[in-house]
Amino acid sequence: MLFRGVKTKEDVIIRRSISPGLLALYVDTLVMAIGFYMLVPILSVYFINHLGMSTVLSGSIIAVSGLAQNGLRFFCGIAADRIGYKKAILLGVGIRIVGFTLYGIVHNPVGFAMAAFISGLGGALFHPASFGAYAKTTSEEMKSKIFSIRETLSNVGFILGPVIGMFLLRFDFSLVCFTSGFMFVLAFLLSWLLLPKMDGETTEKQELIPIAKKIVKNKNFIIFCLLIIGVWALNVQLYLSVPVRAKVLLENVDHVAFLYMAGALFMVLLQIPLLQILSKRIHQLQIMAIGTFILGTSLLIFGFTTGLWSMLGAVLIFTLGQMLVVPTMNHLISNFSDSQSFATYFGFTGWSFALGGFLGNTGGGYLHDLTLQSQYSLVPWITMFIFGCIITIIFYRKGSKN
């Protein structure tokens, strides 16, 4: 074993990393990731290929869930800090069960939009509460590793979920929805039985206006949230720009699914050791700078890809950037917060994700539509690379001051 014979601080760290509370959160993350990726990635496949919806309508329905989850996270984060993380997780998971089950019952766009909103609301409740619970039950020196493990488990779900979902879709879409909902039922039971009681942690009730003022006055945190908008605008390109490039280069666009799975497997194998090595040597903000630069560089490489294998290389480079950015970002958010407001701060960053996702999807889509069939087809890729470089420089300079 890597840590065999090591005493004192490292022994304590390892024991804390597998405490009952964290173990319950790990299992929850894996189960919910499998349930989520079992359904959500194939919604557009079902809407467009099975129901004959337009791409715009399909995308609009799916966007409802993201806007609900990220747009409401701040308010739900305040609620989680007020009622307790365990209660918020149980409530959010319960609501998502209703939303995912509703997908399998309704048969029209309005019904699907309702299911998307309810599912997003559930995520808005349990997502910041879950991150708050991770931060609350984790020592400072273990945060990077813990969030890396969380992302690894999420990516295991990303590998397994779509495979199960596509298999079940051969029989019936409702079966996919009900099975996905059942995974969240398991998560609900696991949370109820295994998570430690985490309510009543704060003696002060978190009110909207005072906590909002407190956050807005935190200049460094606001700057960080603004930078996250840019990082997330780059991050969502994996699900927008990659299919666009695949449509130009590949005969079978379905191969994009294998590219995503390869990226997820790459992350599962390397994320934890890579981040452990870097976090011991350089500042968290500089890790964000490196990760953002890698994201931007990989998107530039996409513009020069010529086939499946070169696209695979670009996806793996992009995934490398994600390995550094996502867990480090979560660690930094927890550092900005105080012990009574973890979920509130994680919830506030939901607006950064919502705005970044909107700008990345609409801006990237507009640039591709404008230049795809012209001699300027490299413009979107170069633009995203330059954008990433600007954010990288800001992160690096702020990290150098610490």
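This is a predicted model, so every value here is computed, not measured.

**Topic: the overall build of the protein chain**
Secondary structure assignment for the protein chain yields 16 helices and 0 strands. Here the analysis covers contacts within the protein chain between residues at least 6 apart in sequence; of these, 84% occur between residues at least 24 apart.

**What to know about the confidence of the model for the protein chain**
Averaged over the protein chain, the pLDDT score is 80; the fraction of residues at 70 or greater is 85%. Segment residues 1-16: pLDDT under 50, and 11 contacts once partners within four positions in sequence are set aside and those in other chains are kept.

**So, a nonpolar patch on the surface**
Residues Phe182, Leu186, Leu189, Trp192, Leu193 and Leu194 make up a contiguous nonpolar surface patch of about 620 Å² in total accessible area. The class of Phe182 is partly exposed, set by a relative accessible area of 46%.

**Side note on the side chain of Ser174**
You can see Ser174 is positioned in helix α8 (residues 173-194). Of note is the side chain of Ser174, whose polar atom sits 2.7 Å from the backbone oxygen of Gly104.

**Brief notes about the nonpolar core**
Of all hydrophobic cores here, the largest spans 96 residues; its most connected members are Tyr103, Phe112 and Phe395. When residues in this core are grouped by element, the largest group, 15 residues, is from helix α2 (residues 20-50).

**Considerations on helix α6 (residues 109-136)**
Three- or four-residue spacings in an α-helix give side chains the same orientation, since the helix completes a turn every 3.6 residues. With 28 residues, α6 extends 40 Å from end C-alpha to end C-alpha; this agrees with the ideal 40 Å at 1.5 Å per step. Of all 28 residues in α6, 20 are buried, a share of seventy percent or more. Structurally, the start of α6 carries an N-cap: the backbone nitrogen of Val110 is 3.2 Å from a side-chain oxygen of Asn108.

**Digging into the environment of Lys145**
When you line up the elements, Lys145 lands in helix α7 (residues 143-169). When the C-alpha positions of Lys145 and Pro327 are compared, they lie 8.3 Å apart, and in sequence the two are 182 residues distant.

**Quick look at the packing of helix α4 (residues 73-83) against α6**
Orientation of α4 relative to α6, taken along the N-to-C sense of each, is 60°, at an axis distance of 8 Å. Classified by the interaxial angle, the pair formed by α4 and α6 is oblique. As α4 runs across α6, the sense of the crossing is right-handed. Residues Arg73, Cys76, Gly77 and Ala80 of α4 form the contact with α6, whose participating residues are Ala124, Leu125, His127, Pro128 and Ala129.

**Description of the packing of aromatic side chains**
In the structure shown here, the tally under the stated rule is 16 aromatic pairs. Seen from their ring centres, Phe36 and Tyr37 are 5.1 Å apart, and the 85° between their planes marks the pair as edge-to-face. An aromatic cluster is present here, built from Phe75, Phe221, Phe224, Phe336, Phe348, Trp351 and Phe395 joined pairwise through their rings.

**Digging into the packing of helix α10 (residues 219-235) against helix α13 (residues 284-302)**
Interhelical geometry of α10 versus α13 gives an angle of 35° and a closest axis separation of 10 Å. By crossing handedness, the relation of α10 to α13 is classed as left-handed. Side by side, α10 and α13 meet where Ile228, Val231 and Leu234 of the first sit next to Met288, Thr292, Leu295 and Leu299 of the second. Grouping the amino acids of the contact of α10 with α13 by side-chain chemistry returns 6 nonpolar, 1 polar and no charged.

**Focus on the environment of Val325**
Locating Val325 in the fold gives a position in helix α14 (residues 308-336). On the basis of relative accessible area, Val325 is assigned to the buried category, the value being 1%. In sequence terms Val325 and Ile290 are 35 residues apart; their C-alpha atoms lie 8.3 Å from each other. For Val325, the contacting residues outside a window of four places in its chain are Val231, Met288, Gly291, Thr292 and Leu295.

**Re the environment of Leu370**
Relative to the elements of secondary structure, Leu370 occurs in helix α15 (residues 342-371). Given the relative accessible area of 54%, Leu370 is considered exposed. Note: C-alpha distance between Leu370 and Pro380 (10 residues apart in sequence) is 9.3 Å.

Quick notes on the rules
Residues numbered from 1 in each chain as written. Predicted model: local features only at pLDDT ≥ 70, side-chain atom pairs only at ≥ 80, totals over all residues. Heavy atoms only, no water. Helix = DSSP H or I, 4+ residues; strand = E, 2+ residues; numbered from the N terminus. Contact = heavy atoms within 4.5 Å. pLDDT = per-residue confidence, 0-100. Patch = residues over 30% accessible without salt bridge, like charges linked within 9 Å, V, L, I, M, F, W, Y side chains within 5 Å. Areas by Shrake-Rupley, 256 points an atom, 1.4 Å probe, with all protein chains shown as cover. Salt bridge = Lys/Arg side-chain N within 4 Å of Asp/Glu carboxyl O. Buried < 20%, exposed > 50% of the residue type's maximum accessible area, 1.4 Å probe, protein only. Polar contact = N/O pair within 3.5 Å; in protein donor to acceptor, adjacent residues only side chain to side chain. Core = buried A, V, L, I, M, F, W, Y, C linked by side-chain atoms within 4.5 Å. Expected span 1.5 Å × (residues − 1). Axes fitted to C-alpha atoms, helices over the stretch in contact; angles between N-to-C directions. Parallel < 35°, antiparallel > 145°, perpendicular 65-115°, else oblique. Left-handed = near helix turned anticlockwise from the far one by under 90°. Phe/Tyr/Trp six-rings, centres within 6.5 Å; stacked < 30°, edge-to-face > 60°. Nonpolar A, V, L, I, M, F, W, Y, C, P; charged D, E, K, R; others polar.

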